[in-house]
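Coordinate inspection notes
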Amino acid sequence: MRKQLKDFMSEIGENAVAIIPAAHEVTRSYDTEFKFHQDPSFNYLTGFPEPDAIAVIDPSSKKNKYTLFVRPRDPLMETWYGRRLGTEGALKNFGADRALPVEKFESELNKILDGHEKLYYRFGVDGKLDQLILNYLSKQHFRRLKTGYPPHTIIDPSVIIGEMRLHKTDEEIELMKKAGEIAAEAHILAMRSVKPGMNEYQVEALMENYMKQQGAAGVAYNSIIGGGDNATILHYVENNMPLKDGDLILIDAGAQYQGYASDITRTFPVNGKFTKPQRDVYDVVLETQLACIEVTKTGTTIKQRQDLSIELLTEGLKKLGVLKGKTADLIKNKKYEKYYMHGVGHYIGMDVHDAGRYFTDQAAKNSRPFAPGMVLTVEPGLYFPPDDKDCPAKFRGIGIRIEDDIVVTETGNLNLTDKVTKDPDEIEAIMSSKKSKSAKS
Ligand code: GLY
Ligand code: MN
Ligand code: MN
């Protein structure tokens, strides 16, 4: 049994049972499915890679603390749809005390639930399983002659699992380093390859090809490859426009490697040379990003870091001549929001927007301080809408974001994605060396 599962067991304690389902395959259209992606919390606790499984965790059981319900071996299904580990594999390689075919789950439900005080289960994710559990609870509730006493308290386990996932172990950090490195190299490849006339989808293709060649399962989220004013659309994913001389390109792309995500944004000139207005905006975003990385360390709260990004970008907007007035008033009246409308970062781990609470107190919304083992992105940006009459014409249509993944350590922090430069002079040097190389060849 893996450590994560043991820790989860001690968190839920005696007299409790947890039911944690795997993900299901999702139909893309007709009889074709999207590529399967395991539920990250199920993956975290069990490591079991197949769809439709259910883990039952019962710390007070003597013999069966950990049961896996799995798809059974089936030669016909395996010929058509791929190998299955079956109950044999679940026992042999995943440390289950007991493995049963998933079809047996319903008939076992009374034995799973009865006699426990608490059930850890998240309603609202798996409709079919919700129904099975609700039906059973309801049946026992309304039965005159009770055959058993199911749990009276139902708790969402995602709070416990989220807290566990938030604090990464050294092994997890190693995997995240690799996810960061692969994505960083893909960004370097893009810097070396982009030129006017290329299409956004070609950049997407070469980056994703590289990530997979390096052993990534794929991208951690749909890549954002935005040339020109497409960079001002935060989640632009069409990626189908030609890249123009004189424009910037914003690339937000990360890799999924052995269950862990990376999330990197770089913005650079399509022709390899920043214009003065582009460089002026870039410098403001870069200075803000560096300052926000600096404070991503033990003790700083999420709100303090967000406030710092707002203050520095507001100052920067004043310096650029976009905003006028007292910084405090501009912040109070949220004047920056038209140009900086998102958070400065988020937790990252198995999910790109990872599990874990952002408040120490959900009701009071007290902002949480960073602690060693947390991994967060730092991604300030400025986006000038192409038709914005309030900003100088020279900035319209410019969108710049710079993003890295930072792990909080005991003594400070570590950047997992710094293999790809964000220094504007170095970017220009990389891009011009590419030109002179191709000119020679
Ligand atoms: N790539 C999604 C994000 O930066 O949050
Ligand atoms: Mn991103
Ligand atoms: Mn991000």
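Read on for an overview of the structure. Please read these numbers as outputs of a predicted model, since none were measured by experiment.

Spatially, the three strands line up as an open sheet ordered β9-β12-β13, and their pairing is antiparallel. What marks the edges here is a single partner per strand, and that holds for β9 (218-219) and β13 (260-261). In this structure, β9 lies alongside strand β12 (residues 255-257), joined through two bridges in antiparallel fashion. Within β12, the residue paired with Val219 across the bridge is Ala255. Relative to the sheet, helix α8 (residues 170-193) contacts β12 and β13, its axis offset from that of β12 by approximately 145°.

Moving on, we come to the coordination of the manganese ion (ligand 2). Each donor-metal-donor angle in an ideal tetrahedron of four donors is 109.5 degrees, and each such angle in an ideal octahedron of six donors is either 90 or 180 degrees. All of the protein donors around the manganese ion (ligand 2) are Asp252 (OD), Asp252 (OD), Asp263 (OD) and Glu403 (OE); their distances to the metal are 2.1 to 2.3 Å. Angles of 57 to 170° at the metal separate the six donor atoms of the manganese ion (ligand 2), which places the site in the irregular class. One chain supplies every donor to the manganese ion (ligand 2), and in sequence these donors are spaced D-x10-D-x139-E. The metal-metal distance between the manganese ion (ligand 2) and the manganese ion (ligand 3) comes to 3.3 Å, with Asp263 coordinating both. Residue Asp263 is located in the loop between β13 and β14 (264-269), and its partner Glu403 is located in the loop between β19 (399-401) and β20 (404-408); the two are separated by 140 residues in the primary sequence.

Now for the site of ligand 1. Within the structure, ligand 1 sits among Tyr221, Asp252, Asp263, His346, His353, Glu379 and Glu403. With respect to ligand 1, the side chain of Asp252 contributes an N or O atom lying 3.2 Å from a nitrogen atom. For ligand 1, an oxygen atom lies 3.0 Å from a polar atom in the side chain of Glu379. In isolation ligand 1 exposes 200 Å². Once the protein is present, 89% of that is buried. Here the shell around ligand 1 is composed, by residue class, of one nonpolar, two polar and four charged.

A separate point is the coordination of the manganese ion (ligand 3). Looking at the manganese ion (ligand 3), the protein donor atoms are Asp263 (OD), His346 (NE2), Glu379 (OE) and Glu403 (OE), and they sit 2.1 to 2.2 Å from it. Each of the six donor atoms around the manganese ion (ligand 3) contributes to a set of angles spanning 51 to 155°, which defines the coordination as irregular. Motif for the manganese ion (ligand 3), donor spacing along one chain: D-x82-H-x32-E-x23-E.

If you check which residues of helix α4 (residues 86-94) are buried, you get Gly86, Thr87, Gly89, Ala90 and Phe94. Buried residues of α4, seen end-on, are gathered within an arc of 160° and therefore sit on one face of the element. In this structure, the buried residues of α4 make contact with α2 (40-46), β5 (66-70) and β6 (98-101). Following α4 by one or two positions, Gly95 adopts a phi angle in the positive range, close to 70°.

With that out of the way, let us pick up the nonpolar core. Of all hydrophobic cores here, the largest spans 59 residues; its most connected members are Val203, Met207, Leu382 and Phe384. If you list the elements that add at least two residues to this core, you get α8, α9 (200-213), β11 (248-253), β12, β14, α10 (276-294), α11 (302-319) and α13 (424-440). No other element matches the eight residues that α8 contributes to this core. In terms of nonpolar packing, the next biggest core, distinct from the first, is built from 38 residues, Phe42, Tyr221, Tyr260 and Ala261 among them.

Parameters at a glance
Residues numbered from 1 in each chain as written. Chains lettered and ligands numbered in written order. Predicted model: local features only at pLDDT ≥ 70, side-chain atom pairs only at ≥ 80, totals over all residues. Heavy atoms only, no water. Pairing = 2+ DSSP bridges. Helix = DSSP H or I, 4+ residues; strand = E, 2+ residues; numbered from the N terminus. Contact = heavy atoms within 4.5 Å. Axes fitted to C-alpha atoms, helices over the stretch in contact; angles between N-to-C directions. Donors = N, O, S within 2.8 Å, 3.2 Å for Na, K, Ca; no water. Tetrahedral: all angles 85-135°; square planar, octahedral: opposite > 155°, others 65-115°. Near = heavy atom within 4 Å. Polar contact = N/O pair within 3.5 Å; in protein donor to acceptor, adjacent residues only side chain to side chain. Areas by Shrake-Rupley, 256 points an atom, 1.4 Å probe, with all protein chains shown as cover. Nonpolar A, V, L, I, M, F, W, Y, C, P; charged D, E, K, R; others polar. Buried < 20%, exposed > 50% of the residue type's maximum accessible area, 1.4 Å probe, protein only. Arc of directions from axis to C-beta. Core = buried A, V, L, I, M, F, W, Y, C linked by side-chain atoms within 4.5 Å.

Honestly, that's just the spatial picture; any functional story needs more than this.
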